[in-house]
Every structure is written in C-alpha cells, then in structure tokens.
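A structural walkthrough
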Amino acid sequence: SQTIHQWPATLVQPVGSPLSLECTVEGTSNPNLYWYRQAAGRGLQLLFYSVGIGQISSEVPQNLSASRPQDRQFILSSKKLLLSDSGFYLCAWRELAGVETQYFGPGTRLLVL
Amino acid sequence: KNEVEQSPQNLTAQEGEFITINCSYSVGISALHWLQQHPGGGIVSLFMLSSGKKKHGRLIATINIQEKHSSLHITASHPRDSAVYICAVGQGAQKLVFGQGTRLTINP
C-alpha cells in the first residue's frame, strides 16, 4: 500500500532563516506530487506540483521553491522566510495516469517568528 | 468572489442529527472532491464525483453539474464526525481549487 511522509511535523523558525520541508511517497512509482499551504483561517492553496523528476510548476509567485530530486521525493525550500510564510504545509500525491483522487500527507505546521 | 463557496462556515449539531454541507462553484470542473480535515491537520479524501451521487457508510455526496452545486450529507451524526469538511474542484489534470471549509461540531 502507498504511504506519504512529511517532516518535520512542526517547525518554528525566525524570519530570514532558510527552510527545507521534505515529503516522500512509498509504494507507488512516478506519482504526481503537490505542495499546498493552508494559512490560518484560509483555505488550501496549491503552491507547486510536479509530474516527474526535475519538473516543477509553480502556481503562485512567492519566496518559496520546490525541487524533486528523486521520483518519490518532493522538497519545499526557502532561502529567507517571511512572517507570511507561517502556515500548515501539506504534501499530496496522485497517480500519474488515473483517477484524480489526491492523497495527503500529515502536514508540517510552520511558525515564523 | 471565491471560485468555490461552502456553506455554512460553521455548524454545530447534536449527536444523531442529519447534517448537510453545501458547496457551489463557478468554474468548469473535471471532478469535485470532498475532504475531511481532523483537528491535527491531517486530510482524508472522502469522495470524488463528477455526476450523480456516492455513498460511503453514513456519508452521502451528491452533485448537480447543471447547477454547479454539491452537497455532503451525514446521517446519524456522531461526535467523531467533528472535523473540517472541505470541498475542492478539479480543474484540468493538476489543479484543485479549494473551498474555505466547513467546521462541523457534533455534541454528544
């Protein structure tokens, strides 16, 4: 069966510090991968998606970036965090060719102070 | 105006009540999803539908493509159903657009 992992679960970082959040998927090959953010009191927003290694599409301009160095690994990064980067970050996957159902990871709660 | 609107934003009910959460959208979609987010933040996909009605246990989801409207029903609600329920519409192969969510609280 497929599982999706995210770490860390919780992170408190000062403004201006770098960020690296990791997401890995097990039990599937060549999945579509997604990064979402849920800011306090707001709905989920798609940040990035990837259809393959090294292929990243950005949905919104921001100071975040994403990379996919391996088939089942998706990384969200920032060189300098802003206060507005605080939120709940969710990684998700879906089969490349198949139904649209997306499966979500447990999330990372980020607080930028 | 958001592309996906949910109502109500908050709903409190007594155990056993029949629950309805509504979702309206203003864009063309490939499919509509209902998700459940528990207090810890984890999200579970409940339904994906593009027409008609689906049922899973005490949960029922319906969609009316012409009216661009979907409903999620919970029969015989239970405190463990307390969560945020999120409607999302699929646009093309990659993008999901999410509603703001409905916070449901079921009191014993």
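That block above? That's the structure.
Before going into details, it helps to say that this report is about the structure given with it.

Each value, and the rule that gives it
Residues numbered from 1 in each chain as written. Chains lettered and ligands numbered in written order. Predicted model: local features only at pLDDT ≥ 70, side-chain atom pairs only at ≥ 80, totals over all residues. Heavy atoms only, no water. Buried < 20%, exposed > 50% of the residue type's maximum accessible area, 1.4 Å probe, protein only. Helix = DSSP H or I, 4+ residues; strand = E, 2+ residues; numbered from the N terminus. Pairing = 2+ DSSP bridges. Axes fitted to C-alpha atoms, helices over the stretch in contact; angles between N-to-C directions. Contact = heavy atoms within 4.5 Å. Buried area = accessible area lost by both parts, 1.4 Å probe. Salt bridge = Lys/Arg side-chain N within 4 Å of Asp/Glu carboxyl O. Polar contact = N/O pair within 3.5 Å; in protein donor to acceptor, adjacent residues only side chain to side chain. Nonpolar A, V, L, I, M, F, W, Y, C, P; charged D, E, K, R; others polar. 1 Å grid on protein atoms, 1.4 Å probe; cavity = no way out; pocket = protein on both sides within 12 Å on 5 of 7 lines; lining within 4 Å. Points joined across faces, edges and corners; volume = space filled by probe spheres on them.

A closer look at the pairing of strand S2 (residues 10-13) of chain A
Residues and elements named next belong to chain A. Covered by surrounding structure in S2 are Leu11 and Gln13 only, the residues Thr10 and Val12 on the alternate face being uncovered. Note: S2 against strand S11 (residues 108-112), four bridges, orientation parallel. Across the sheet, Leu11 pairs through a bridge with Leu110, a residue of S11.

Comments concerning the sheet that holds strand S7 (residues 64-70) of chain A
Paired through backbone hydrogen bonds, the strands of a sheet run either parallel or antiparallel to each other. Residue and element names in this part refer to chain A. Across the sheet, four strands lie side by side as S1-S3-S8-S7; this open sheet has antiparallel pairing. The open sheet has two edge strands with one neighbour each: strand S1 (3-7) and S7. The mean inter-strand angle of the sheet, taken between neighbouring strand axes irrespective of direction, is 20 degrees. As paired elements, S1 and strand S3 (residues 19-26) share five bridges and run antiparallel to each other. Directly across from Thr3, in S3, lies its bridge partner Glu26.

Things to note about the interface of chain A and chain B
One widely used convention gives an interface's size as the accessible area the parts lose upon coming together. Facing 22 residues of chain A, the contacting portion of chain B comprises 21 residues. For chain A, the biggest contributors to the area lost against chain B are Leu44(A), Glu100(A) and Phe104(A); these three give 34% of the whole. Connecting chain A to chain B are zero salt bridges. Our count for the contact surface shared by chain A and chain B stands at two residue pairs in polar contact (both at pLDDT 80 or more). Listing elements by their share of the side of chain A that touches chain B, those giving two or more residues are strand S4 (32-38), strand S5 (44-52) and strand S9 (87-94) of chain A. Tallied by class, residues from the side of chain A that touches chain B come to eleven nonpolar, six polar and five charged.

Quick look at the layout of surface pockets
Gaps left between atoms are located by rolling a probe of water-molecule size over the structure's atoms. Size it by volume and the largest pocket reaches roughly 560 Å³. Taken together, 25 residues line the largest pocket, and the ones lying closest to its centre are Gln38(A), Gly41(A), Gln37(B), Val84(B) and Arg103(B). Listing elements by their share of the lining of the largest pocket, those giving two or more residues are S9 of chain A together with strand S9 (83-91) and strand S11 (102-107) of chain B. Broken down by class, the residue content of the lining of the largest pocket amounts to seven nonpolar, 15 polar and three charged. Its volume calculated, the second largest pocket comes out at about 430 Å³.

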